[in-house]
Amino acid sequence: MAIGILNHRTRRSSAPHRGRIELDNVSMTYGTGAAASTALAPASLDIDAGSFVCLLGPSGCGKSTLLNCVAGYIWPTTGRARVDGAAIDAPGPDRGMVFQQYSLFPWKTVRENVAFGPRMTGASRREAREVADRLLEMVGLSRVARKYPAELSGGMQQRVGIARALANQPDVLLMDEPFGALDSQTRLIMQEHLLALWAEFRPTILFVTHDTDEAIFLADRVLLLSASPGQVLADIAIDLPRPRPADIVTDPAFIAIKRRCLATIRAESLKTFDGTGFRMARIPDSASSAGEHPS
Ligand code: ADP
């Protein structure tokens, strides 16, 4: 394990790329009978190994449900999710998870939190410590290795959470609004930091957010989900060059993609106002008629 992580780049370049995610007609209905509620309409997706994909959609549209199906925390009502051809029926060390709430063990030090995964998968105490120290160095937290989570800021705790998720060298990293609780400045820095880690380790990342800028800045591909029950409305390739500087958000190419996303989101949001008599102003967006209110 320690050798693996210390020579991660070598390992990645020599090993065939892993972490392809396939969803075949995956849907999710919670409850049964009169209490049944469909959170996710049937979705079929093919996500390339090593790519960065964002699931973008309003609150409650089933983004976490989809992520949890890939994590193996829940079983879909229909269909199958697979990683590298293997059906997902339980969580596994090949898939790391990062939540919005940092979910670190409060009674363990920062180093112990990161070393926990390797220990669970059979690494010796010394190996696990080496892995943890290397990752803490990479996320810039070596100096707080002996502290406890409660002694750290939110951004630092989330960096520990990411280091912990990477400690098992997952092929897939699942991130559920990981920066949602952070202030906007910290969030931007965390986004840049995450891209640097992704470039280094190249797991497939499936990242949930309801922030359009965040999705476009990070992703190779944005999957836009409709309001409940969630279904994939648009599959948008983000062909902005990498590495992406923070000010790319002012680039005309970025803005053009954002307009397209916002027009689709707005058209979808307006559906929830149908029949209420509520009238929305028109957006003067000649690029899309989708943003206009149906009259
Ligand atoms: P998102 O991540 O987009 O906010 P979720 O996947 O968390 O959406 O939730 C989608 C819908 O499914 C919501 O209406 C939510 O209330 C419902 N839901 C989520 N988890 C459960 C559950 N365990 N039991 C019942 N309903 C659930």
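Above this text is the structure in question.
Fair warning: this is a prediction, and the values are worked out from it, not measured in the lab. Within each chain, residues carry numbers counting from 1 in the order of the written sequence. Local features in this predicted model are restricted to residues whose pLDDT is 70 or higher, and side-chain atom pairs enter the listing and the counts only when it is 80 or higher, whereas totals over whole chains, interfaces and linings include all residues. With hydrogens and water stripped out, all remaining heavy atoms of the structure feed into the side-chain values.

> Give a detailed account of the packing of aromatic side chains, specifying residues and quantitative values.
The relative placement of two aromatic rings is captured by the distance of their centres and the angle of their planes. Stacked, tilted and edge-to-face pairs are distinguished by plane angle, under 30 degrees for stacked and over 60 for edge-to-face with tilted covering the rest, among Phe, Tyr and Trp rings (Trp via its six-membered ring) whose centres lie within 6.5 Å. Counted according to the given criterion, the structure contains six aromatic pairs. Ring geometry for Phe 52 versus Trp 198: centroids 5.5 Å apart, planes at 75°, classification edge-to-face. One end of the pair, Phe 52, is in strand E3 (residues 52-56); the other, Trp 198, is in helix H7 (residues 184-201), with 146 residues separating them in the sequence. Between Tyr 73 and Phe 99, the ring centres sit 6.4 Å apart and the planes meet at 20°, which makes this aromatic pair stacked. In this pair, Tyr 73 is assigned in the loop between helix H3 (63-71) and strand E4 (78-83) and Phe 99 in the loop between strand E6 (95-98) and helix H4 (110-120), connecting sequence segments 26 residues apart. Think of it in three bands: with a 1.4 Å probe and only protein chains considered, a residue is buried below 20% of the maximum accessible area for its type, exposed above 50%, and partly exposed in between. Residue classification places Phe 99 among the partly exposed residues on the basis of a relative accessible area of 30%. Through a chain of ring-to-ring contacts, three or more aromatic side chains come together here, namely Phe 52, Phe 179, Trp 198 and Phe 207. The ring of Phe 105 has Arg 164 sitting right over it, with the charged end atom 5.4 Å from the ring centre. Put simply, a charge is over a ring when the Lys NZ or the Arg CZ is close to the ring centre, within 6 Å, and near the line of the ring normal, within 35 degrees. When the ring centre of Trp 198 is taken as origin, the NZ or CZ atom of Arg 202, which lies over that ring, is 4.2 Å away. By definition, any uninterrupted DSSP run of H or I lasting at least four residues is a helix, any uninterrupted run of E lasting at least two residues is a strand, and each is numbered from the N terminus.

> Quick one: what's the story with the nonpolar core, residue by residue and with numbers?
In this text, buried Ala, Val, Leu, Ile, Met, Phe, Trp, Tyr and Cys residues form a nonpolar core when linked through side-chain atoms within 4.5 Å. Counting residues in each nonpolar core, the largest one holds 54 residues, and the members touching the most others are Phe 52 and Phe 207. One finds Met 28, Leu 45, Cys 61 and Ile 88 within the second-largest nonpolar core, a separate group that totals 25 residues.

> Requested: an account of the pairing of E3, with residues and values cited.
Counting buried residues in E3 gives five out of five residues, a clear majority hidden from the surface. Here, any two strands with at least 2 DSSP bridges between them count as paired. Here E3 runs beside strand E8 (residues 204-209); their pairing, made up of five bridges, is parallel. Paired with Phe 52 across the bridge in E8 is Ile 205. Taken together, the four bridges between E3 and strand E9 (residues 221-225) define a ladder with parallel strand orientation. The residue of E9 that forms the bridge with Leu 55 is Leu 223.

> I'd like to hear about H4, residue by residue, with values.
Along H4, the positions that sit buried rather than exposed are Val 110, Arg 111, Asn 113, Val 114, Ala 115, Gly 117 and Pro 118. By definition, residues are in contact when any of their heavy atoms lie within 4.5 Å. Contacts made by the buried residues of H4 are with helix H5 (125-138) and helix H6 (154-166). Count one or two residues on from H4 and you reach Gly 122, which has phi positive near 105°.

> Describe the site of the ligand, and please don't skip the residues or the numbers.
In the region of the ligand, the neighbouring residues are Tyr 30, Ala 39, Pro 58, Ser 59, Gly 60, Cys 61, Gly 62, Lys 63, Ser 64 and Thr 65. The separation between an oxygen atom of the ligand and a polar side-chain atom of Lys 63 is 2.9 Å. Between Thr 65 and the ligand, the recorded distance is 2.6 Å, taken from a side-chain N or O atom to an oxygen atom. When the free accessible area of the ligand is taken as 560 Å², the share hidden by the protein chains comes to 56%. If one sorts the elements of the shell around the ligand by residue count, H3 sits on top with three residues. Polarity classes work like this: nonpolar for Ala, Val, Leu, Ile, Met, Phe, Trp, Tyr, Cys and Pro, charged for Asp, Glu, Lys and Arg, and polar for all others, with Gly in that last group. For the shell around the ligand, the per-class residue count stands at four nonpolar, five polar and one charged. Nearness is defined per residue: one heavy atom within 4 Å of the molecule or strand is enough. In protein, a polar contact means a hydrogen-donor-capable atom and an acceptor-capable atom, both N or O and within 3.5 Å, with residues adjacent in sequence counting only if both atoms are side-chain atoms; elsewhere, any N or O pair within 3.5 Å suffices. Working definition of accessibility: Shrake-Rupley area with a 1.4 Å probe, residue cover restricted to the visible protein chains.

> Help me get a handle on the sheet that holds E8, residues and values and all.
Strand order in this open sheet of six strands is E6-E7-E8-E3-E9-E10, and the pairing throughout is mixed. What marks the edges here is a single partner per strand, and that holds for E6 and strand E10 (232-237). For this sheet, the mean angle separating the axes of adjacent strands, direction not counted, is 15°. Angles here are taken between N-to-C directions and fall from 0 to 180 degrees, while the axes themselves are lines fitted to C-alpha atoms, restricted in helices to the stretch in contact. Packing of H6 onto the sheet brings it into contact with E6 and strand E7 (172-176), and relative to E6 it is tilted by some 170°.

By themselves, these observations are geometric and do not establish any function.
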